[in-house]
Amino acid sequence: MAALPEEPAEVVVKPDPDGGVPPQPQPPPAPPPAAPPTTAPAEGEAAAGAPGSGGEAAPPKPAPPGPAASPAPTDRQTLLAVLQFLRRNNLHESEDILRREARLLGEEVAAAALSPAGPGAQGTPGGVAAGASAAPGGAAVVAPPPGKVGGGVPVEDQPDVSAVLSAYKQQGDPALYEEYYSGLKHFIECALDCHRAELSQLFYPLFVHMYLELVYNQHENEAKSFFEKFHGDQECYYQDDLRVLSSLTKKEHMKGNETMLDFRTSKFVLRISRDSYQLLKRHLQEKQNNQIWNIVQEHLYIDIFDGMPRSKQQIDAMVGSLAGEAKREANKAKVFFGLLKEPEIEVPLDDEDEEGENEEGKPKKKKPKRESMGSKSKKQDPNAPPQTRIPLPELKDSDKLDKIMNMKEATKRVRLGPECLPSICFYTFLNAYQGLTAVDVTDDSSMIVGGFADSTVRVWSVTPKKLRSVKSAADLSLIDKESDDVLERIMDEKTASELKILYGHSGPVYGTSFSPDRNYLLSCSEDGTVRLWSLQTFTCLVGYKGHNYPVWDTQFSPYGYYFVSGGHDRVARLWATDHYQPLRIFAGHLADVTCTRFHPNSNYIATGSADRTVRLWDVLNGNCVRIFTGHKGPIHSLAFSPNGRFLATGATDGRVLLWDIGHGLMVGELKGHTDTVYALRFSRDGEILASGSMDNTVRLWDAVKVFEDLETDDFTTATGHINLPENSQDLLLGTYMTKSTPVIHLHFTRRNLLLASGAYSPQ
C-alpha cells in the first residue's frame, strides 16, 4: 500500500499562516511618528540597514551621501523645523522616530536651532552612510553584519531572538507607563456596558507588552512597580503566564525565554466589534496616547466584525488561550467531517436469533435501527472525504472477520439515553503507588494496557483467555499450515499468562494505544521515543525517534497503519508503521502537545496543547484547518463523536467543551467536574458522553440534547457569537464517584457497557 508522500523529519509541512507559527523574522517596522501626517518623510527615504526598514545592512564603509541617504534641502528645512517643534514640546519619542527615519543626527537639530539663519539656512547635506544608523545620542552606530546581534555577539540557538526583542526598542518615558495604563483602564471602566466587556480584553496583552518594554529597556524599578500595581487586575486564568512573566526582571532573562518569544512571534488576537474599536481608536488619538497605540498596532491582531458587541458571557466562553482567540479566517476552510463508506461484507445469520430469544422484545426494537444504520453507511455521506483522498490499508481476511463480529455485537447493543444509562465497570490498579501514567483498552475489550512511571508497559487479558506468544521458529516448522486451527496451533501454551510486561523504554510511559486489529501496541515515553510492540510475540519491533523531548501521547488511526504522536517539542508528528521517519510534522502550537486523536475518517487529527488551544490538522497536506479556543488550562482529553461531526475536549479547568467541526464553533459547555478532565468518550451510537476526572468521578452527559438544539445560522457562523445555556446541569444524567481513584481512561464496549480505569491513590 502506498503511504502518504514522505517528507524529511526536519521539514515543517505548510504551517498555518494564522496559527502562530513563528514566521521568518523580519526587523519590525517602526511605528508611525506621532507628528502631523504631512511631516512624515517621503517613501523611500530610509536607507537600507536602518532599524525598521527591513533592508539588509550594507558593508559599513563610508559612502557619499546621495538622495536616498539624506533628504533634499527643502525637505530638510521642513524636517528640522518640525523636529525643533517636537523638541520644544518635549515630544522626545516622536522626535527620535522622525529623526531616525530622516537620518538626522541630534546635534544637527540643535545646531539648526542655534543657527542665526534658523532652519531655513542651508546646512551641509546631512545623513548617515547606508549600513549605519543614527543613535539617539547622536553617534552613528555601525549596523552589525547579518547573524550578529548587539555589536557582533553571535546569536545562540534561535536566530530570530534579536529581531524579536528589537521590537521593544520603541519606548516612551518609563515614568509615564503607569499613567498610560491607568488612563486606559479608567476609560474602559467608564465606557458603556456593551463596550466594556470587549475592550477589557486589551488589559492583559497591553500589560504584558508594556512590562516587557520596560524590562528590555532596563528600567527595572519601573517594571517592578508596574507589575506590582497591575498584575492583580488580570483574569485568574492568566496566573500561570504571569508567574513566568514575573521572573523576567532583566534584559538578559528575555534572550532565551520561550514565553517571551511566544508573545512576540504570535500576535495576540482580540475579536472586537467595529463600534468598540472605533471608540478605542478615538480615545487613544484624543489623548495622544501613542505608546499604547504603538503596542496595539505592533503586537495585537484585532479581528473586527460588524454587528452588536459580544456580551461578557460570550467573550469569557472563548478567551483564555496563550495567544488570545482564533481569527475567524482560521476556521473557514472546508472540512470533510463525514464518515467513509463501509466496505460491503455479508453477515452470516447463524445462531443470532437463538441468542436473542432470552431478551424478549429488545431485538425487535433494535433491528430496524441497526439495518438503517447499516444501509446509511453504504450510502456515500455528502460530507465525507473522497474514498481515495489519503491511502488507507486494504482489509485483510482477519479484519473482515472482526468486522462481522462487530456487526453481530452491534445487534445486541443496548440503546442508551436519559432513561437507559450504561452500566459502568471500573478497573482499579492497586499498589501502583501513583505510578500509572497511561491506559488503553482494545476495541473488542479483551485486553487492557497500562503505562507506568517505572518505564514498563504491562498488558493484561480481561477475558478468561490468557495471553500467549507465538512458538519458536523450530516449533513452527512442524505445524501443518493447511489445518483449520493453524492460528491456535502456532501459539505456545507454555507462555500463557494473564499479564505480560514489556521492557524497553528508559523513562515514564505517558501514552499507549492498541492497533484496531489488536496485533500491535504503541507506547510513548519521556525518553523521546515511540515504540511499536508485537502482541503476537510481546517484543518491541521498532523504536521511532523524531521527538527530542518527552512524548506525551500517541494514538493509532482507526484504520491502523498510521499513528500520531505529540510532545514537549510543541509539534505533533504523523507516522506510518513501515516508515522510520514521520510523514508529516504539524507545527503551530505555542506549548507542549499534550493529547492527540484521529478523526473517525482518519483524514484529520486533533491535538490539544498546554497553550490552551485545540487544533485540527489535515493529514493530506499538513494544514491547520481549525483552531478552537475557550479552555482556561492545558487540554488533556479529546473525543470525536461517532458520526465525526463533533469534538469534545477536556482540560485542567474542569470544563468539557463541545465543538461543531463543520462550522468551527463552540456549541456546548459542560460544567461539573472540579479537577482536570483526563478521559472523554462517546457511546457507540453517540447518544451519551462520558467524562472522567481527577476529582474521582465519572459523569454522563446527554449528547443528543446538546446537539439537537443547535442554531448555526449564517450570522452565528460569520461573527462567532454563541449563546451557551447558563446551566449545564440539565444535560448531566449521572455522577458516579470512586472511593479514591482518579479516572484516567474510559471505554465503551461494542455493546455499550462503560469501562473506566485509574490507579487507587490512598489518602
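Everything quoted here is computed from the prediction, not taken from an experiment.

Trainee: If you had to explain the packing of helix 7 (residues 203–216) against helix 8 (residues 220–230) to someone new, which residues and values would you point to?
Mentor: Viewed as axis vectors pointing N to C, helix 7 and helix 8 meet at an angle of 160°, and their least axial separation amounts to 8 Å. Classified by the interaxial angle, the pair formed by helix 7 and helix 8 is roughly antiparallel. The handedness of the crossing between helix 7 and helix 8 comes out as left-handed. From helix 7, F207, M210, Y211, L214 and V215 reach across to helix 8, where they touch E222, A223, F226, F227 and F230. Of the residues that constitute the contact of helix 7 with helix 8, the class distribution is nine nonpolar, no polar and one charged.

Trainee: Tell me what's going on with unusual backbone geometry, and back it up with residues and numbers.
Mentor: Here the phi dihedral of N431 falls at roughly 55°; this positive angle occurs in a residue that is not glycine. Relative to the elements of secondary structure, N431 occurs in the loop between strand 7 (424–429) and strand 8 (436–441). What makes N431 exposed here is its relative accessible area of 61%. With phi around 75°, R612 is a residue other than glycine that occupies positive phi space. The topology assignment puts R612 in the loop between strand 23 (604–609) and strand 24 (613–618).

Trainee: Kindly report on the pattern of salt bridges, identifying the contributing residues and their values.
Mentor: Inspection of every chain in the model, using the stated rule, returns 22 salt bridges. We note a salt bridge from D660 to R645, for which the minimum N-O separation is 3.6 Å. Linking D660 in strand 28 (residues 656–660) with R645 in the loop between strand 26 (635–640) and strand 27 (646–651), this pair joins segments that are 15 residues apart in sequence. Judged by relative accessible area, which is 1%, D660 ranks as buried. Linked by salt bridges that have partners in common, D653, R655, E669 and K671 make up one network.

Trainee: I'd like a rundown of a nonpolar patch on the surface, residues and numbers included.
Mentor: Taken together, the side chains of L499, I501 and Y503 define a hydrophobic patch exposed on the protein surface, amounting to about 280 Å² of accessible area. With respect to the helices and strands, Y503 occurs in the loop between strand 13 (499–502) and strand 14 (509–514). We classify Y503 as exposed; its relative accessible area is 60%.

Trainee: Go over helix 7 with me, naming the residues and quoting the values.
Mentor: Here helix 7 is 14 residues long and its end C-alpha atoms lie 20 Å apart, about the 20 Å a rise of 1.5 Å per residue gives. Of the residues one or two after helix 7, Q218 is the one with positive phi, at around 65°.

Trainee: How would you summarise the UniProt feature "repeat: WD" (unreviewed entry) in the chain if you had to cite specific residues and measurements?
Mentor: In the numbering used here, UniProt assigns the "repeat: WD" (unreviewed entry) feature to residues 429–470, 502–537, 544–575, 586–627, 628–661 and 670–702. Taken end to end, residues 502–537 is 0% helix and 53% strand, and its first and last C-alpha atoms sit 11 Å apart. Its end C-alpha atoms 10 Å apart, residues 670–702 is made of 0% helix and 58% strand.

Trainee: Talk me through the nonpolar core; I want residue IDs and the actual numbers.
Mentor: L202, F207, F226 and L245 are the most contacted members of the largest nonpolar core, which has 44 residues in total. Dropping the residues within four chain positions of it, F226 is found in contact with Y177, E178, Y181, F207, M210, Y211 and L214.

Trainee: Please provide a residue-by-residue account of the confidence of the model for the chain, values included.
Mentor: Here the chain averages 75 in pLDDT, and 69% of its residues register 70 or above. The model gives residues 7–71 a pLDDT under 50, and that stretch makes 113 contacts with residues more than four places away or in other chains. Counting contacts from residues 113–160, a segment whose pLDDT is below 50, to residues more than four positions away or on other chains yields 72 contacts.

Trainee: Outline the packing of aromatic side chains, listing residues and values.
Mentor: The relative placement of two aromatic rings is captured by the distance of their centres and the angle of their planes. Tallied over the full model, the rule gives 24 aromatic pairs. Each ring, one from Y181 and one from F226, has its centre 5.5 Å from the other, and the planes form 80°; the classification is edge-to-face. Taken together, the residues Y181 in helix 5 (residues 177–189) and F226 in helix 8 connect sequence positions 45 residues apart. Just as Y181 is buried, F226 falls in that class too. In textbook terms, an aromatic cluster arises when at least three aromatic residues are bridged by ring pairs, as seen for Y181, F203, F207, Y211, F226, F227 and F230. Positioned over the ring face of F452 is R458, at 5.4 Å from the centre of the ring.

Trainee: Would you mind going over helix 9 (residues 239–246) in detail, with residue names and values included?
Mentor: What sets the pattern is the α-helix's 3.6 residues per turn: residues three or four places apart point alike. Among all positions in helix 9, only D241, L242 and L245 are buried. All buried residues of helix 9 fall inside an arc of 100° around its axis, so they share one side. Those residues of helix 9 hidden inside the fold are in contact with helix 7 and helix 8.

Calculation criteria
- Residues numbered from 1 in each chain as written.
- Predicted model: local features only at pLDDT ≥ 70, side-chain atom pairs only at ≥ 80, totals over all residues.
- Heavy atoms only, no water.
- Axes fitted to C-alpha atoms, helices over the stretch in contact; angles between N-to-C directions.
- Helix = DSSP H or I, 4+ residues; strand = E, 2+ residues; numbered from the N terminus.
- Parallel < 35°, antiparallel > 145°, perpendicular 65-115°, else oblique.
- Left-handed = near helix turned anticlockwise from the far one by under 90°.
- Contact = heavy atoms within 4.5 Å.
- Nonpolar A, V, L, I, M, F, W, Y, C, P; charged D, E, K, R; others polar.
- Buried < 20%, exposed > 50% of the residue type's maximum accessible area, 1.4 Å probe, protein only.
- Salt bridge = Lys/Arg side-chain N within 4 Å of Asp/Glu carboxyl O.
- Patch = residues over 30% accessible without salt bridge, like charges linked within 9 Å, V, L, I, M, F, W, Y side chains within 5 Å.
- Areas by Shrake-Rupley, 256 points an atom, 1.4 Å probe, with all protein chains shown as cover.
- Expected span 1.5 Å × (residues − 1).
- UniProt positions renumbered as here; feature names shortened; annotations may be inferred.
- Core = buried A, V, L, I, M, F, W, Y, C linked by side-chain atoms within 4.5 Å.
- pLDDT = per-residue confidence, 0-100.
- Phe/Tyr/Trp six-rings, centres within 6.5 Å; stacked < 30°, edge-to-face > 60°.
- Lys NZ or Arg CZ within 6 Å of the ring centre and 35° of its normal.
- Arc of directions from axis to C-beta.

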